[in-house]
Amino acid sequence: MRLDPQAALALGLLRLCWAQVNFAPHFFDNGVGSTNGNMALFSLPEDTPVGSHVYTLNGTDPEGDPVSYQISFDPSSRNVFSVDPNFGNITLVEELDREREDEIEAIISISDSLNLVAEKVVILVTDANDEAPRFIQEPYIVHVPEDTPPGSSILKVHAVDKDTGSGGSVTYFLQNMQSTKFAMDRHSGVLRLKPGTTLDYEKARAHFVTVVAKDGGGRLRGADVMFSATTTVTVNVEDVQDMAPIFVGTPYYGYVYEDTIPGSEVLTVAAMDGDRGKPNHILYSLMSESDGAFEINETSGTISITQSPAQLQREVYELHVQVTEVSSAGSPAAQAIVPVTIRIVDLKNHPPTFYGESGPQNKFEQSLYEHPPQGEILRGLKITVNDSDQGANAKFNLRLVGPGGMFRVVPQTVLNEAQVTIIVENSAAIDFEKFKVLTFKLLAIEVNTPEKFSSTADVVIQLLDTNDNVPKFTSHYYIARIPENVPGGSNVLAVTAVDPDTGPWGEVKYSLYGSGADLFLIHPSTGVVYTQPWASLDAEATARYNFYVKAEDMEARYSLAEVFVTLLDVNDHYPQFGKSIQEKTMVLGTPVKIEATDQDAEEPNNLVDYSIIRVEPANVFDINAHTGEIRLKNSIRSLESLHNITPNGVYTWSLEVQAKDRGSPSLSTTASLKIDITDTEMLSRSPMDAFLMQTKDNPMKAVGVLAGIMAIIVAVTVLVSTATFWHNRKSNKVLPVRRVLRKRPSPAPGTVRIKWLKFNRTKVAAKFVLREDAPNGNCNSQSQGSPPPPRAPDPPPPPRMVPRTAAAPWAVPTVSGSLSPPQPQCSSKPKALGSPMQSALVAELRQKFEKNNVASKPYF
């Protein structure tokens, strides 16, 4: 079926339009709890750390084109998140706070570069337990009457926690529940007075209660946490009229004398309201025991006598004073009663009196040396005490009042009259250096009289000094630091010793003691230590001196103190170069080192810095100022570089180096140095050349190597000589020599054997020739009287053998030996001794060996 041209054209246009349509991208909706998609119903805890990856935007394009993501916020709000446009990863960039912002509105978008799709999302911020409870309406101060019933409510505190759930619930409790009178309702925050306890204004006017508010706990950054807060509740107790009046100054005693005028004051009683907060007015009154002899002022409490003492019927009156509180309304309130005792005094009672040698006396003096013996009586004090009364009025006690424990008085109880004796009780406490004068009160007080009359006398003891103290230095040791170059007779330090004794006993004489004091002297009176006039101190030789200084009084009582004298180093030594600095060899790449020593004792005087002053023909070196290592400059890497600097091809440099110390003023030394520069190729040409080049800078190394070689040669020679000596010594004995037996053909056993034996005997016997060295050890010198020894006969020629080619070779055993080890010979012919005895010995030996050879038949 063919389409008409118009239909075909319409169909083509339709297809072209369809091809040009591009569908928009879209997000995936993965539902609640998903971490990727379009953030639908997405929630995030408020304690999420900043920088965390919290979500991934995920979408697609129908045409499969790449998509990009964006997130934006309202201009008035914070930009809480950021997004990776390519991957859609959303990152938290701002800290979250649910209490300030519990939801976040954002616009997310996805684009395929042609179409943009945007969606508005709401992110919920969930709670974390990040808030602590906070008390409101602070401070908490409450006023409570002291008669508040136990269990009553006093105050309610309230704390708020902005968190939700358990983290927002608050409970209350007291910090010190056991030591308080209060209790706290943990849910409502109501503070109550504990059952069974009461408040008392007179004991405590205020109470301070610490209340703790604690939340229910919750999760924060992955951990269970709990927060709390504290506040202080001040409970002020208000006074209530619940205390009786209180008398002050009890007990009360009064005295009326025979000459007292009626209306005179006897004594005054004082009382106050026991309730101090709001005290009531006080009124005084007397009970009915006074018989009208006394009266009291109702407002002041003063008791006065109303009659003449002669009219009084009793010697003692026991009165009772009553005080009554008057309330603010004018009605009587609490009351209190106190007893008052008033005595009528007879003027005929007299106090005791002290007497000296010349009559009544109230001051006694004596001089006494310090530290008297225990129990010694102060006989210089002539004291008598007397009471002129009779009976009980004449009895009194004696007591010594003053610095305790030094003396005691005897007797302690006196009737009428007694001689007073003062005895030493504590000798150590009677010290002139502590007390120059001791003053005591001698007290005599009546025992049985109502008046308790008493008398006193001063006892003054002037102490005299004795030599009871050792001179003591102000310090156990003294330290001095002086320069080492101080001239002789210079002051070093001053020591001080103190003797508390007075007069000649307190004079101190100083002296030095110890081996380290040879270079020092001390002034015997002032304690100034100075150097000997001829002394020359040197910190490099001895840097520290230690000795003792002695302080001695006139009776040779002494003490010692230790003295430490440290010499401060002075920069008085020049740096010195070693002897090997004159000439050195430098291999390319390897530094040479110069070294100088400074004999000063301390730093920085003995620290040396190195420098190059002059170089010829050109400066191609760098030097380490601290170590003295000399290197070629970094630009010099081969001998060709040096050749360019010195066209003459000379690789020898002359340097002038300086060693300078760091002292003040600084001292320096210069030296000339010759450096030969070579490389490893030149060193490898010959072992001997390399060795000489290596030891050129250190001649002692070459000497050591040569000495080692010679020692090895000598040791080898000694070993060889020793071995040769012991070998020759063992050869003095005749030892048989075993030979290998070999078979050979024997055509005529009988005749050949006989001839061979004869030949063999002759040959063996000829071997034994006695040799004797010349008496003087010289081969050319012989005795003039002795004839030359006879020559040994020549051995017969060996028998001719007819060899057999088929038979195996054979051999017979032979024996050889010598009577003496071989000696050096001056001629090829030995000289036999011509003694008959020696000739007989030789003949006998020949016969024995021939006999043995005949008896020894070889086996074929």
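Per-chain numbering applies: the sequence of each chain, read as written, is numbered from 1 onward. It should be noted that, the model being predicted, local features are given only for residues of pLDDT at least 70 and side-chain atom pairs only at 80 or more, the latter also being counted only at that level, while totals for whole chains, interfaces and linings use all residues. Side-chain metrics rest on all non-hydrogen atoms present in the structure, leaving aside hydrogens and water.

(A) Main features of the overall build of the chain. A count of helices and strands for the chain gives seven helices and 58 strands. For every residue, the accessible area (1.4 Å probe, protein chains only) is compared with the maximum for its type, and the residue is labelled buried under 20%, exposed over 50%, or partly exposed between those bounds. Within the chain, buried positions represent 33% of all 860 residues. Long-range pairs, those at least 24 residues apart, make up 66% of the contacts in the chain with a sequence separation of at least 6. Residue burial considers only the protein chains on display, and all accessible areas are found by Shrake-Rupley using a 1.4 Å probe. When the accessible surface of the chain is totalled, it reaches about 51,500 Å², and 54% of it is carbon and sulfur. Strands here mean DSSP runs of E at least two residues long; helices mean DSSP runs of H or I at least four residues long; both are numbered from the N terminus. Should any heavy atoms of two residues lie within 4.5 Å, those residues are counted as being in contact.

(B) Fine view of the pairing of strand β58 (residues 668-678). One bridge is not enough; two strands pair if DSSP finds at least two bridges between them. In the sheet, strand β51 (residues 583-587) pairs with β58 via five bridges, with the strands oriented parallel. Each residue of the ladder has a partner; that of Val 587, found in β58, is Thr 678. When strand β57 (residues 652-661) meets β58, the two strands line up antiparallel, connected through nine bridges. Residue pairing for β58: Gln 658 is matched across the bridge by Thr 670. Following β57, the chain reverses through six residues before pairing antiparallel with β58.

(C) The sheet that holds strand β12 (residues 140-145), seen in detail. If you trace the four strands from one edge of the open sheet to the other, you get β12-β21-β18-β15, paired in mixed fashion. Of all the strands in the sheet, just β12 and β15 (170-174) have a single pairing partner and so form its edges. The average undirected angle you get between the axes of adjacent strands in this sheet is 30°. As paired elements, β12 and strand β21 (residues 228-238) share six bridges and run parallel to each other. Each residue of the ladder has a partner; that of Tyr 140, found in β21, is Val 233. The convention used is that axes are lines fitted to C-alpha atoms, helices contributing only their stretch in contact, and that angles between N-to-C directions extend from 0 to 180 degrees.

(D) The arrangement of the sheet that holds strand β31 (residues 353-356) in detail. Spatial ordering of the open sheet is given by β32-β31-β34-β38-β36, a layout of five strands whose pairing is antiparallel. Of all strands in the sheet, those bounded by a partner on one side alone are β32 (359-360) and β36 (407-410). Here two bridges tie β31 to β32, and the two strands are oriented antiparallel to one another. In the sheet register, Tyr 355 faces β32, and the bridge partner there is Pro 360.

(E) Representation of the packing of aromatic side chains within the structure. Pairing of aromatic rings covers Phe, Tyr and Trp, the last counted by its six-membered ring, and requires centre-to-centre distances within 6.5 Å; plane angles under 30 degrees mean stacked, over 60 mean edge-to-face, and any other angle means tilted. Summed over all chains, the structure comprises 14 aromatic pairs. Geometrically, the ring pair formed by Phe 27 and Tyr 69 is tilted, given 6.2 Å between the ring centres and 35° between the ring planes. One end of the pair, Phe 27, is in strand β1 (residues 26-27); the other, Tyr 69, is in strand β6 (residues 68-72), and 42 residues separate them in sequence. Ring plane angle 75° and centroid distance 5.6 Å describe the contact between Phe 725 and Trp 726, whose orientation is recorded as edge-to-face. Residue classification places Trp 726 among the partly exposed positions, given a relative accessible area of 43%. Of note, Lys 436 hangs over the ring of Phe 432, and the distance from its end group to the ring centre comes to 4.8 Å. Lysine and arginine charges are scored as sitting over a ring when NZ or CZ, respectively, is within 6 Å of the ring centre and within 35 degrees of the ring normal.

(F) Highlighting the nonpolar core. Core analysis: the biggest nonpolar cluster contains 28 residues, and Phe 354, Val 385, Leu 398, Phe 407, Leu 442 and Ile 461 have the highest contact counts within it. Put simply, the parts of the chain that give this core at least two residues each are β33 (363-369), β34 (383-386), β35 (395-401), β36, β38 (417-424), β39 (437-446) and β40 (454-464). In contact with Leu 398, not counting residues within four places along its chain, are Phe 354, Val 385, Val 409, Pro 411, Gln 412, Val 414, Val 420, Leu 443 and Ala 444. Membership of the second largest hydrophobic core comes to 27 residues, among which are Val 508, Tyr 545, Val 563 and Val 565. By nonpolar core is meant a set of buried Ala, Val, Leu, Ile, Met, Phe, Trp, Tyr and Cys residues that side-chain atoms within 4.5 Å join together.

(G) Summary view of a nonpolar patch on the surface. A surface patch of nonpolar side chains, amounting to about 420 Å² of accessible area, comprises Tyr 513, Tyr 548, Tyr 558 and Leu 560. Looking at the secondary structure, you find Tyr 513 in strand β45 (residues 509-513). Patch membership needs two things, relative accessible area over 30% and no salt bridge, and members are linked within 9 Å if like-charged or within 5 Å if nonpolar (Val, Leu, Ile, Met, Phe, Trp, Tyr). Any carboxyl oxygen of Asp or Glu within 4 Å of a side-chain nitrogen of Lys or Arg constitutes a salt bridge here.

(H) Representation of the side chain of His 207 in the model. Counting through the fold element by element, His 207 comes out in strand β18 (residues 206-215). Excluding residues within four positions of it along the chain, His 207 makes contact with Lys 181, Phe 182, Leu 199, Val 233, Thr 234, Val 235 and Val 237.

(I) Geometry of the environment of Ala 271. Tracing the backbone through its elements, the reader meets Ala 271 in strand β25 (residues 270-272). Among the residues examined, Ala 271 registers a relative accessible area of 15% and is labelled buried. Taking the C-alpha atoms as reference points, Ala 271 and Thr 324, 53 residues apart in sequence, are found 9.7 Å from one another. Apart from the residues within four sequence positions on either side, Ala 271 is in contact with Ile 246, Phe 247, Ile 282, Tyr 284 and Val 323.

(J) How the structure looks around the environment of Thr 231. Along the chain, the position of Thr 231 falls in strand β21. Spatially, the C-alpha atom of Thr 231 lies 9.3 Å from that of Arg 134, the residues being 97 residues apart in sequence. Excluding residues that lie within four positions of it along the chain, Thr 231 makes contacts with Phe 135, Glu 138, Tyr 140, Val 209, Thr 210 and Val 211. A distance of 2.4 Å separates a polar atom in the side chain of Thr 231 from a polar atom in the side chain of Glu 138. Any pair of nitrogen or oxygen atoms within 3.5 Å is treated as a polar contact; in protein, a donor-acceptor pairing is required on top of that, and neighbouring residues in sequence qualify only through side-chain atoms on both sides.

(K) Just unusual backbone geometry, in detail. With an omega dihedral of 0°, the bond running from Glu 138 to Pro 139 counts as a cis peptide bond. The omega angle of the peptide bond from Thr 250 to Pro 251 is -5°, so this bond is cis rather than trans. Secondary-structure assignment places Pro 251 in the loop between β22 (246-248) and β23 (252-257). Phi is positive for Ser 113, close to 80°, though the residue is something other than glycine.

(L) Up close: the pattern of salt bridges. With the rule as written, the count across this model stands at 15 salt bridges. Close ionic contact of Lys 120 with Glu 105 constitutes a salt bridge, the shortest N to O distance being 3.5 Å. Of the two residues, Lys 120 is situated in strand β10 (residues 116-126) and Glu 105 in strand β9 (residues 103-111); the sequence distance between them amounts to 15 residues. Exposure remark for Lys 120: the relative accessible area of 62% places this residue in the exposed category. The closest approach of N and O atoms between Glu 629 and Arg 631, which form a salt bridge, is 3.7 Å. Each of Arg 78, Glu 94 and Glu 101 takes part in a single network of salt bridges with overlapping partners.

(M) Main features of the side chain of Ser 304. Looking at the secondary structure, you find Ser 304 in strand β28 (residues 302-305). On the basis of relative accessibility, which here comes to 11%, the residue Ser 304 falls in the buried class. When residues no more than four places from it in sequence are discounted, the contact partners of Ser 304 are Gly 263, Ser 264, Glu 265, Val 266, Ala 293, Phe 294 and Glu 295.

(N) Focus on the environment of Met 554. Relative to the helices and strands, Met 554 is located in the loop between β48 (544-552) and β49 (558-568). Residues Met 554 and Glu 507 lie 47 residues apart in sequence; the distance between their C-alpha atoms is 7.1 Å.

(O) Summary view of the confidence of the model for the chain. Per-residue confidence from the predictor is reported as pLDDT, a score between 0 and 100. On average, residues of the chain score 79 in pLDDT, and 79% of them are at 70 or above. Per-residue pLDDT stays below 50 along residues 798-837; that stretch engages in 74 contacts with residues further than four places along the chain or on separate chains. Confidence drops under pLDDT 50 across residues 856-860; counting only partners more than four residues distant or on other chains, this segment forms five contacts.

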